[in-house]
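Listed below, chain by chain, are the residues.
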Amino acid sequence: MRQHVRSLLLSALASLAISGCTERTQGTARAPAPRAASAATLSGLERAVTVTSDGLGIPTIRAASRLDALRALGFVTARDRLFQMDLLRRSSGGRLAEILGRDLLEADTRQRLHGVPQAAAAILARLPQDQRAALDAYAEGVNAHLRSAEPLPLEIQKLGYRPESWRPEDSLLIVLSMFQTLGGSEEEERTRTVLTRTLPPSVVAFLLADTDPYTKALLGAQAAAPPPLPAGELRALVAQAARAAGDDRAQGRSAGVLSPSAGEAPVGSNGWAVAGPRTRDGRAILANDMHLELGVPNVWYRAELRHDGGEVAGLVLPGVPMVVVGTNRHVAWGLTSLDGDLLDLVELEIHPERPDEYRTPSGWRRFDVAQEIIRVRGEPDVAVTVRRTIWGPVASRPLLGRPVALRWAALDPEAIDLGLIAMERVRSVDEAVRVMNLAHGPACNVLLADRRGRVAWTVTGPLPRRRGFDGAVSRSWADGRAGWDGYLPPAALPRVVDPPSGLVVNANQRMPLGAGAPALGRDHANGYRAYRITERLRAARPATEADLFQLQLDTRAGFFDFYRDLALRVLVGEAASRRPALAEARRAVEAWDGRADVSSVGLALIARFRRVLADEVFAAWLGASRAAEPTLELSLADIDTPLQRALSERPPGVAPAPAGGWDAFLLGAMERAVAEVNQQHGERPLDQLEWGAVSQVRIAHPLGAIPELGALLNMAPEPLAGCGFCVRLAAGSLGASERLVVSPGHESDGILHMPTGQSGDPRSPHYRDQQRAWVDGRPLPLLAGPAVRTLALTPERTGSRPPREPDEPKADAPRADESTNR
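Residues numbered from 1 in each chain as written. Predicted model: local features only at pLDDT ≥ 70, side-chain atom pairs only at ≥ 80, totals over all residues. Heavy atoms only, no water.

Trainee: Explain the overall build of the chain to me, please; I cannot follow it from the model alone.
Mentor: Looking only at helices and strands, the chain features 25 helices and 29 strands. A compact globule built from 822 residues would reach a C-alpha radius of gyration of about 28 Å, and the chain, at 27 Å, matches this within 12%. Projected onto its principal axes, the C-alpha coordinates of the chain cover approximately 85 × 75 × 60 Å. Going through the 822 residues of the chain one by one, you find that 59% of them count as buried. (Helix = DSSP H or I, 4+ residues; strand = E, 2+ residues; numbered from the N terminus. Rg over C-alpha atoms; globule rule 2.2 N^0.38 Å. Buried < 20%, exposed > 50% of the residue type's maximum accessible area, 1.4 Å probe, protein only.)

This is the structure:
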């Protein structure tokens, strides 16, 4: 959903440019960056705080207390990232249309229907006092900057509004937005439900089996035996699809059924930790690179905090007062997406005569109905009707013709907190495991290392304890037999501490949980990245920080070996030699070096061959499912395991080919792949087409779609090594949002780099000064370098703050000279 909102932002901002907003900022965009203040007063500050910034603009905050450090963090983050912070809280709270117009109304409506703003307020009311105090302190720092912010950021000037004061619940809105990024989608459950109700059980088991070959190798004896390939049932589906395809062609309908993201690079991460016996001097080393949608500015903000409670260095999510991943000199921690199942779609049984009632375990009940008012720039306000049930809000779309309610942990105020803040004080992996198991943020795998050379893996997040069902598909909860009984207690969460191998590795694959352990999630990523990481770590002894950083840049693309070998087996004989396109294809496939380097040739064709095969095979297998739910793009995390089974076993009639069987189908698929690659890159022969022509990183600013500002705001597109299945994950605008390597107690040897830069101001020297190192794969130090700028923050004296003028416009009101543009 976050990527969808981002595309809407780009469209909306381009429309605003056309409407005449650009002229107001062209001069400002060319002006030099405003000089940073060297001193400021800060309301609520208890003692003076010093903030030094190094040559990359990375702040080191020195304070007497943690709360003062968080006040300073709020101040400097707002100084560098104010527009990003405001956009994040608006996106999560359903308030983008206020400043961006009707194009964002759909996104705002979804957030309001889900009740995200109300959830943030309810979560705030239940937080422990120390977490609430942290939010209050951070908000004080942000607001101190807001009161002194002149001029406002370029983007805010362009849009002609003034940001409201920062509230503690705004930070929680940003936390909830990360829930949606990492596991708030309902599409996977919709897909599983549609498949289960439209296909034979044997086909469903075959398609949804969590047994890809790489994960199976990692799990060993714990891996379940794969289900048999249901050749007869698939043959019947292919025949049915062939008959339907004739009708589709006659009526001009598309036969595609898979979502474009099905089976492709996930929003996830790599993380691993190496224990002391595997390093040169007994230190444990942690490595973590989190894969997210890349944008300008980067999703993370680098910071170091030093106060009476200790020291912490790492990455902050702008708007949230804590280091999300990093080190406190005793323990280092990293995160990867768990793909946890935190959401259920509850099928609603509507009263046959009273449509405003639904059945519950205690009888019929009316929907709770409320009106949400959404302000729209330049247009009248829009009223949205929200219906809620005892389980959660009614989803905006029915499922197979029936309404469903959203039961989602992120909307449960009893399930969410900021427990991760406590990581700054832990002193061992044992303490860290306890903190992470108690914390209820987005569901993640946790990788840990401590200064005694120990490593561990566990999980964090509110994981539902289900009753009467496993959560795989939607069903009714009206009879009371199905539902949630709270959340798994910390003692029930899995953990591995001090493994005999000295390694813990997660790259979003399914982890070994042990007999009887509750399932944590599904739709896990293919295990290739984890397999490759484990393979290289076993061979790396002794390991160093430099070794682990180089592993983060690994471009071996063994995931595609199957499709290369398949192509070479079929591109033989007269059928291939008589067709020039296929002869050229064979030369390209033979030329591939097995990697996804910028200079690698052949991979572009192999990757396209895979996608053509998947689209055509699944169109034949899933036609009945698409017919039952025509608007649904089927979202399958793993398309390759069933696809490769069919391509390897090749049962008759399972290939979607009218005649000629599997060989004819494969040759036809290769011809289509060649045609598609030539259409996009036709100026180069296939055996000379380098991967860098296909793998281009494009990191855009939300206003970067405006022609006059694109060159100023966006990072320049350029070739990038890696692929959607490589350890060095690169897939368009999806990639490593940071790369961290650190040993607790040896932070001076640590590495941390990220795309773009610290500042969100395009006039700042720190807007893009880390980009080159990220693209080239060069390490940057984890710790800030020598100070080049100092900011002194002092407590605001009582009565020193000037009163607000009576005629001062309220926050978010349009300026007088821009009211006609609203």
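Next comes the rest of the description.
Trainee: Please clarify how the state of the cysteines should be interpreted in this entry.
Mentor: As used here, a disulfide is simply a covalent bond connecting the sulfur atoms of two cysteines. Across all of its chains, the model carries one disulfide by this definition. Across the disulfide, Cys-723 is cross-linked to Cys-726 (sulfur-sulfur distance 2.4 Å). One quick way to see it: the torsion about the S-S bond of Cys-723 and Cys-726 is about 100°, and its sign makes the bridge right-handed. Comparing Cys-723 with Cys-726, the two get one shared label, buried. (Disulfide = S-S within 2.5 Å.)

Trainee: It is not clear to me how the environment of Glu-545 should be interpreted in this structure. Could you clarify?
Mentor: Mapping Glu-545 onto the fold places it in helix α16 (residues 545–552). You can call Glu-545 buried: its relative accessible area is 5%. Ignoring any residue separated from it by four or fewer positions in sequence, one finds Glu-545 in contact with Arg-280, Arg-283, Ile-285, Val-741, Ser-743, Asp-749 and Ile-751. A polar side-chain atom of Glu-545 sits 2.9 Å from a polar atom in the side chain of Arg-283. (Contact = heavy atoms within 4.5 Å. Polar contact = N/O pair within 3.5 Å; in protein donor to acceptor, adjacent residues only side chain to side chain.)

Trainee: What is the right way to read the environment of Leu-636 from this model?
Mentor: As for its position among the elements, Leu-636 is in the loop between α21 (623–628) and α22 (640–649). Its relative accessible area of 5% is what places Leu-636 among the buried residues. Distance from Leu-636 to Ser-261, taken between C-alpha atoms, is 8.4 Å for residues 375 residues apart in sequence.

Trainee: I would appreciate a short explanation of the sheet that holds strand β10 (residues 343–347) in the present structure.
Mentor: Paired through backbone hydrogen bonds, the strands of a sheet run either parallel or antiparallel to each other. The sheet built from three strands is open, its strands ordered β15-β10-β19 with mixed pairing. Edge strands, defined here as strands with exactly one partner in the open sheet, are β15 (404–408) and β19 (475–476). When β10 meets β15, the two strands line up antiparallel, connected through five bridges. Residue Glu-347 lies in a different strand from β15, and its bridge partner there is Val-404. Sitting on the sheet, helix α10 (residues 187–198) touches β10, β15 and β19, and the angle it makes with β10 is about 50°. (Pairing = 2+ DSSP bridges. Axes fitted to C-alpha atoms, helices over the stretch in contact; angles between N-to-C directions.)

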